[in-house]
Each structure stands twice: as C-alpha cells, then as structure tokens.
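# Architecture at a glance
Single-letter residue listing:
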Amino acid sequence: MFTGIVTDIGTIREVEKRGDLRARIATSYDTEGIEIGASIACDGVCLTVIETGPDWFDVEISAETVEKTTVGHNGWPEGHRINLERALKVGDELGGHIVSGHVDGVAEVISMVDEGDSTRLTFRAPQALAKFIAPKGSVALNGTSLTVNDVSGAEFGVNLIPHTKTVTTWGDVKQGDAANLEVDTMARYVARLREVEG
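In this report, the structure presented in the accompanying data block is examined. (Residues numbered from 1 in each chain as written. Predicted model: local features only at pLDDT ≥ 70, side-chain atom pairs only at ≥ 80, totals over all residues. Heavy atoms only, no water.)

The subject of this paragraph is the sheet that holds strand β10 (residues 144–147). The strands that make up a sheet pair up through hydrogen bonds in the backbone, lying either parallel or antiparallel. With antiparallel pairing, the seven strands of this open sheet are ordered in space as β10-β9-β13-β7-β8-β12-β11. Two strands bound the open sheet, and with one partner strand each, they are β10 and β11 (150–152). With direction set aside, neighbouring strand axes in the sheet form an average angle of 35°. Relative to strand β13 (residues 178–183), strand β7 (residues 105–115) runs antiparallel, the two being bridged by four bridges. From the neighbouring strand, G105 faces β13, where its bridge partner is L181. (Pairing = 2+ DSSP bridges. Helix = DSSP H or I, 4+ residues; strand = E, 2+ residues; numbered from the N terminus. Axes fitted to C-alpha atoms, helices over the stretch in contact; angles between N-to-C directions.)

Before going further, it helps to examine the sheet that holds strand β6 (residues 81–86). One closed barrel holds the six strands; their spatial order is β1-β2-β5-β4-β3-β6, and the pairing between them is antiparallel. Across the sheet, the axes of successive neighbouring strands diverge by a mean angle of 45°, strand direction being ignored. Relative to strand β5 (residues 56–61), strand β2 (residues 20–26) is paired through six bridges, and the arrangement is antiparallel. Across the sheet, the residue bridging to L21 is I61, located in β5.

Moving on: the pattern of salt bridges. Enumeration according to the criterion identifies nine salt bridges in this entry. R13 is the partner of D55 in a salt bridge, and the nearest nitrogen-oxygen pair spans 2.7 Å. Taken together, the residues D55 in the loop between β4 (45–53) and β5 and R13 in strand β1 (residues 8–18) connect sequence positions 42 residues apart. Residue classification places R13 among the partly exposed positions, given a relative accessible area of 32%. A salt bridge links E51 to R22; its shortest N-O distance comes to 2.4 Å. Here E51, found in strand β4, pairs with R22, found in strand β2; they are 29 residues apart in sequence, far enough to count as distant. Residues participating in the shared-partner salt-bridge network are R22, R24, E51 and D58. (Salt bridge = Lys/Arg side-chain N within 4 Å of Asp/Glu carboxyl O. Buried < 20%, exposed > 50% of the residue type's maximum accessible area, 1.4 Å probe, protein only.)

Now the structure itself:
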C-alpha cells in the first residue's frame, strides 16, 4: 500500500527483455535499506525489487503490467524520469490517500492551462473508468495523489501546485502525455455496491 506522496524521482537506466521486462532504476534512496522483494511504486505501478546496487534497484515488469500502463503505452526509454514511493509502513503519516499501485488504465493529458502559479490539467480517462471519478474525490496519476476538481463525462481536471511540479515529474508534463491512472478504491466499492443493489 502507498499514499500517493512521491518521495523520490528515479531515472530509467536500462530496460531489458528477459521473458518479462527488467528495468534498472537509478534512485537517491539508500538502497542498502531496500530489501529484495520490497514493493516500490514506480510512476504509480507497484513493482517488486529483485536486485539492488549502490544507487539503483532492478524490477521485473509482467506482460499484463506493460499492456495496462504507460510502460507499454510510451515505453520507459533510458533517461526517462519516474515518480517513486516506498511502501507504507504501519504508523507512517497518510498524507495522500490509500493507493494500491494497481493501475486501472492510462489517461491522456488533453489540455494544460496555467492559473496563477498552479497548472490546471484536464485528462481523458478510459470510458470504463469514468464512473469511478468524482469531483473532490481522489485519483492517483503516475503515483501522485491528486484531488479531482471537476468531471465532464470521461474528462476530469486536477490542479498542480508549484511544490508538486517541483518534487515530482509533473513539471515535465506536456499535452498529449499519457499517465498511469488508479481510481480511488472507495469509489470502486461504492460503484460495485450500486451494481449489486440495482
């Protein structure tokens, strides 16, 4: 489990096809404190650490994960920056919202407008996920917990404050970019309950 509060920006050093994909990710985390088998959210995708080095860790990425995330959508080329978050520990501060790291689909940035020092981003979600996104609800985009400001059909808007743009990869965003989308777990259960009761 994660909170959607990004704690490092990693850089893809290499990606290699070995049955599944294997990625080496540079990090400023103290890798001596990362155990083999630990979970790290990499741009919102919960991945398992299989090897570590002095300033990097390796993960394996299954074919299903590649298909459902930006890993398959636009790849992770060498030098690509990604948001990182270590798994939540009991007693940690929960600053964002509960995030599983199980990406539901890929959303697309369809517009960007500066509003003061903040930036308003509008995304288009896959139609099947639109029912789980509500104004003032939460979403995780590339592993970042964000509040939904408005919703119109499959489109929804979020605001990025300067701090978020500085400490995550959101400062690099461009119109047309794809983002890993995880809808709020509570919204999913509420929608399922309505289906069962209906």
